[in-house]
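# Architecture at a glance
The lines below spell out each chain.
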Amino acid sequence: MGKTALADSLVRQLLESTRWAEVAWVTARQQIFNAGGRWDGDVVSNADFVYNYASGVWNGDVRANASQILNEYGVWTGDVLGNQADIFNSTKDSVWNGDVLSNVGTIDNYGIWNGSITSSGLLALSNRVNGAIANSGTMLVVGKLAGVTDFTNTGLLNLEDGAANDTMSARNWRGSGTAALDIDLASGRSDKIICRSSS
């Protein structure tokens, strides 16, 4: 294990301990690590990792992401103007407040996403997306996905991740052009899409 990896591991262990109110960490890596504090500012262009962790609060837009952004147990408030790599809203306690205007990379949401998502890349979604989704790429529903207001699909909607009972709930389904749907029909599975209306 290298020096930076060892320091990273130690800081994460210290953060989990209740006896430390604040922990400072300096590294030669070009990473942004918000460990429970407050960060006000946009991600203009990142070539390395951005990490919002442990009840951290991040207020700022993602203008261009070329690496990885991880929001783990934190709250991120800001729009995603351009994602070409990976954004992870990684735990059920993670919250992202903002719209995705352009995604050609990957967005994984296992927490709560409050905002609309426009994507021609890959979406792996679970838990809640409180907003509209316009998918022209690939969207994988992992488990249960609720809260979707309007769903527009001209890409692939995949409910076949190998888990039983994948469910997507949306208020309105809007279809246009060519779209594909991949549902797991294996015995014992009950994948489903629930919509109030379609247009």
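Given the structure is predicted, the values throughout are model-derived calculations rather than measurements.

### Here's the deal with the packing of aromatic side chains
The final tally for this structure, using the stated rule, is 8 aromatic pairs. Arranged with centres 6.3 Å apart and planes meeting at 80 degrees, the rings of tyrosine 53 and tyrosine 73 form a pair that is edge-to-face. Of the two residues, tyrosine 53 is situated in strand β3 (residues 50-53) and tyrosine 73 in the loop between β5 (68-72) and β6 (75-77); the sequence distance between them amounts to 20 residues. On the basis of relative accessible area, tyrosine 73 is assigned to the partly exposed category, the value being 40%. Cluster of aromatic residues (ring-pair linked, three or more members): Trp39, Trp58, Trp76, Trp96 and Trp113.

### Points about the pairing of strand β14 (residues 156-159)
Bridging between strand β13 (residues 138-153) and β14 involves 3 bridges; their strand directions are parallel. Along β14, the bridge assignment pairs leucine 140 with asparagine 158.

### Side note on the side chain of asparagine 158
Locating asparagine 158 in the fold gives a position in strand β14. The contacts of asparagine 158, once residues within four sequence positions are left out, are Met139, Leu140, Val141 and Asp182.

Reading guide: rules and limits
Along each chain, numbering runs from 1 in the same order as the chain's sequence is written. Two thresholds apply to this predicted model, a pLDDT of at least 70 for residue-level local features and 80 or more for giving and counting side-chain atom pairs, whereas whole-chain, interface and lining totals are computed over all residues. To obtain the side-chain values, all non-hydrogen atoms of the structure were included, while hydrogens and water were left out. Stacked, tilted and edge-to-face are the three classes assigned to paired rings of Phe, Tyr and Trp, where Trp is represented by its six-membered ring and a pair needs centres within 6.5 Å; plane angles under 30 degrees give stacked, over 60 edge-to-face, the rest tilted. A run of H or I in DSSP becomes a helix once it reaches four residues, and a run of E becomes a strand once it reaches two; helices and strands are each numbered from the N terminus. Each residue gets one of three labels from its accessible area relative to the maximum for its type: buried under 20%, exposed over 50%, partly exposed in between, using a 1.4 Å probe on protein chains only. Only when DSSP finds a minimum of two bridges between them are two strands counted as paired. Pairs of residues are marked as contacts when any of their non-hydrogen atoms sit within 4.5 Å.

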